[in-house]
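A structural walkthrough
Listed here are the chains, written in short residue letters.
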Amino acid sequence: MRIAYLLADPGIGIFGTKGASVHAQEMIRAFRSLGHDVTVFCTKRGDRFGDPASESRPDDLADLRVHVIPVAGAKGAAAREIAVARASSAMAALAGDGEFDLLYERYSLFSTAGAQVKRSRACQLVVEVNAPLLAEQARHRTLHDVDGAAIATRETFSQADLLSCVSSPIAEWARTMSGTSTQPPGVRVTANGVDPARFRHSSSVLTRSRQSDLETVTIGFLGTLKPWHGTDLLINAFARALQQLAPSPGVPAATGARSGRGGPQTTKLKLLIVGGGPERRALEELTAELGITEVVEFTGPVAPEHVPAALRRFDIAAAPYPAPPAGTPHYFSPLKVYEYLAAGVPILASAVGELPELLAGSASTGPAGEAVPAGDVDALTASLISLIQDPAQRARLGAAGRLKVETEHTWVQRAADLLQDLARLNPETGARGVSRAEVSQV
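Cut-off values and rules
Residues numbered from 1 in each chain as written. Predicted model: local features only at pLDDT ≥ 70, side-chain atom pairs only at ≥ 80, totals over all residues. Heavy atoms only, no water. Helix = DSSP H or I, 4+ residues; strand = E, 2+ residues; numbered from the N terminus. Buried < 20%, exposed > 50% of the residue type's maximum accessible area, 1.4 Å probe, protein only. Contact = heavy atoms within 4.5 Å. Areas by Shrake-Rupley, 256 points an atom, 1.4 Å probe, with all protein chains shown as cover. Axes fitted to C-alpha atoms, helices over the stretch in contact; angles between N-to-C directions. Parallel < 35°, antiparallel > 145°, perpendicular 65-115°, else oblique. Left-handed = near helix turned anticlockwise from the far one by under 90°. Nonpolar A, V, L, I, M, F, W, Y, C, P; charged D, E, K, R; others polar. pLDDT = per-residue confidence, 0-100. Polar contact = N/O pair within 3.5 Å; in protein donor to acceptor, adjacent residues only side chain to side chain. Salt bridge = Lys/Arg side-chain N within 4 Å of Asp/Glu carboxyl O. Pairing = 2+ DSSP bridges. Expected span 1.5 Å × (residues − 1). Core = buried A, V, L, I, M, F, W, Y, C linked by side-chain atoms within 4.5 Å.

**Remarks on the overall build of the protein**
The helix and strand tally for the protein stands at 16 helices and 14 strands. When burial is assessed residue by residue, the protein has 55% of its 442 residues classed as buried. Nonlocal contacts in the protein, meaning residues at least 24 apart in sequence, comprise 74% of its contacts between residues at least 6 apart. Working note: accessible area of the protein is about 18,300 Å², and carbon and sulfur atoms make up 51% of it.

The structure is reproduced here in structure tokens:
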């Protein structure tokens, strides 16, 4: 099958370092591994338009065809929104000149690229929905043309054959946005996944834990440094853990004490924050205020191909999301958590969204981590201390996580299931034709 991958969001480079870039690359890899041919239409290649230094093109995607339609020269929210709409039309014109069986568009505000092509071509359209962008943009950034954004969203959703939503709350929102369509699209949940092969050298968690047992226990965070990731909560919990594990007054904060066979021992602790973003300066100031600068390392942005190596430095991986606003469900499907699982690292996460169920594991795998109340620094600190003091438990959780993703959460499985649902919507393929409502189970 010939697939056009449409990415009109000017904030996401197809070969950038953000989690969204990783997500796009992984879906493309999965389609290609299933034997499909993929061509990309996007607004930039790296994290910054026109800056090759911000581009991290993986070797296995070196032959990927990429067409760039820039969103350039726009200053201010209003001009930027107009520029995105203009770029999406140019993208539609370019993709429309090609021969594709499937249009796969990552939902972007003000883009109707997929819908425009769909009207003139006999092909199917899948729209991947990762967030309720209308509300998210208004809450965290600036949304100038609210009505225009809503109209473009409904236009895109109404033309889709299938909306592939990253979580159940997103699926419910997508249904609401497409509810007035005379032939509403199918809606399915496609949670994030991971390619375990990328992390196959990272699973020696038992060895790592035994080494760290004698040396340093490193608590790690991976992700873009933005407020909704709760990195400040982790820093505060880490500082409290250092204080509570200090063996006696006057002992340096970087050294904790624990008991075990052979009597009291000391364990050095470190906090490793992997990723960059607008919150970095504030987070660095927080570590200074807490007096823990010497035991906290900020790496800055890390290219996707270097993430497995970064995770090998973790003994405990954190996903400390704050509590969502009242009345708002947690709609993320955190990519980082799947990568933590693949790396065989025990996870400490907030009990939001899909995370409690994901970490609880099954009868065959057992739990892969611990979930604590969102935004509760005391609970986060207590669980952190518990895992620091129990390397055997860390090893058990890490091994279970690795087994879980190998059997249940690969990107190839995600792509294959999605395409199977799409085929079920199309009687012309020879598969059983079903109504869109039948696919709308989550």
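**Comments concerning the packing of helix 8 (residues 231-245) against helix 13 (residues 377-388)**
Relative orientation of the contacting elements helix 8 and helix 13 amounts to 55°, with a least axis distance of 8 Å. Taken together, the axes of helix 8 and helix 13 lie oblique to each other. Crossing of helix 8 over helix 13 shows right-handed handedness. Contact with helix 8, carried on its side by Leu233, Leu234, Asn236, Ala237, Phe238, Arg240, Ala241, Gln244 and Leu245, involves Val377, Asp378, Leu380, Thr381, Leu384, Ile385 and Ile388 of helix 13 and no other residues of that element. Its residues placed into classes, the contact of helix 8 with helix 13 shows 11 nonpolar, three polar and two charged.

**Notes on the packing of helix 11 (residues 335-342) against helix 14 (residues 391-408)**
Relative orientation of the contacting elements helix 11 and helix 14 amounts to 110°, with a least axis distance of 7 Å. Judged by the angle between their axes, helix 11 and helix 14 are roughly perpendicular. In this structure, helix 11 uses Tyr338, Leu341 and Ala342 to contact helix 14, whose residues at the interface are Gly401, Arg402 and Val405. For the contact of helix 11 with helix 14, the residue count by class is four nonpolar, one polar and one charged.

**Some thoughts on the confidence of the model for the protein**
A low pLDDT score tells you not to read the predicted coordinates there in detail. Put simply, the protein has an average pLDDT of 87, and 88% of its residues get 70 or more. When the criterion is pLDDT under 50, residues 250-264 qualifies, and its contacts beyond four places in sequence or with other chains add up to 30 contacts. Low pLDDT (under 50) marks residues 429-433, which in the prediction has seven contacts with non-local residues, meaning those over four places away or in another chain.

**Here's the deal with the environment of Lys336**
Note that Lys336 resides in helix 11. A relative accessible area of 7% places Lys336 in the buried class. When the C-alpha atoms of Lys336 and Ala318 are compared, they prove to be 9.2 Å apart, with 18 residues separating the residues in sequence. In contact with Lys336, other than residues within four places in its own chain, are Phe221, Leu222, Gly223, His229, Ala318, Ala319 and Tyr321. Here the side chain of Lys336 touches Leu222 through a polar contact of 3.4 Å, landing on its backbone oxygen.

**Thoughts on the side chain of Arg106**
Relative to the helices and strands, Arg106 is located in strand 4 (residues 102-106). A relative accessible area of 10% places Arg106 in the buried class. One polar contact links Arg106 to Glu128, side chain to side chain, over a distance of 3.3 Å. Those residues within four positions of Arg106 in sequence are excluded, and the remaining contacts are Tyr5, Leu6, Leu7, Ile12, Ala20, His23, Glu128 and Asn130.

**Quick look at the pattern of salt bridges**
Applying the stated rule across the entire model yields 21 salt bridges. The shortest N-O distance in the salt bridge between Arg313 and Glu297 comes to 2.9 Å. Highlighted residues: Arg313 in the loop between helix 10 (307-311) and strand 12 (316-319) and Glu297 in strand 11 (residues 296-300), separated in sequence by 16 residues. By relative accessible area, which is 25% here, Glu297 ends up partly exposed.

**What about the sheet that holds strand 2 (residues 37-42)?**
Taken in spatial order, the seven strands make up an open sheet running 3-2-1-4-5-6-7, and their pairing is parallel. Each edge of the sheet is formed by a strand with only one pairing partner; in this case those strands are strand 3 (65-68) and strand 7 (186-189). Each neighbouring strand pair of the sheet contributes to a mean axis angle of 20°, computed without reference to strand direction. One ladder, built from five bridges, connects strand 4 with strand 5 (residues 124-129); its direction is parallel. By the bridge assignment, Leu102 is partnered in strand 5 with Gln124. On the sheet, helix 2 (residues 77-96) packs against strand 1 (2-7), strand 2 and strand 3 and is oriented at approximately 155° with respect to strand 2. Sheet strands in contact with helix 3 (residues 113-120) are strand 1, strand 4 and strand 5, and its direction is about 165° off that of strand 4.

**A closer look at helix 5 (residues 146-159)**
Given a rise of 1.5 Å per residue, 14 residues ought to cover 20 Å, and the 20 Å separating the end C-alpha atoms of helix 5 matches this to within 8%. Restricting attention to buried positions, one finds in helix 5 the residues Gly148, Ala149, Ala150, Ala152, Thr153, Thr156 and Phe157. Lining the buried residues of helix 5 we find strand 4, helix 3, strand 5, helix 4 (133-140), strand 6 (162-165) and helix 6 (168-177).

**Let's talk about the nonpolar core**
In summary, soluble globular proteins display a tendency toward joint burial of nonpolar side chains. If you look at the biggest cluster of nonpolar residues, it comprises 106 residues, and the most contacted ones within it are Tyr107, Phe157, Ile219 and Phe238. Per-element accounting of this core gives the leading share, nine residues, to helix 8. Discounting residues that sit within four places of it in the chain, Tyr107 has contacts with Val127, Glu128, Val129, Ala131, Leu133, Leu134, Thr153, Phe157 and Trp173. Ranked by size, the runner-up nonpolar core spans 30 residues in total, among them Ile3, Ala20, Val126 and Leu335.

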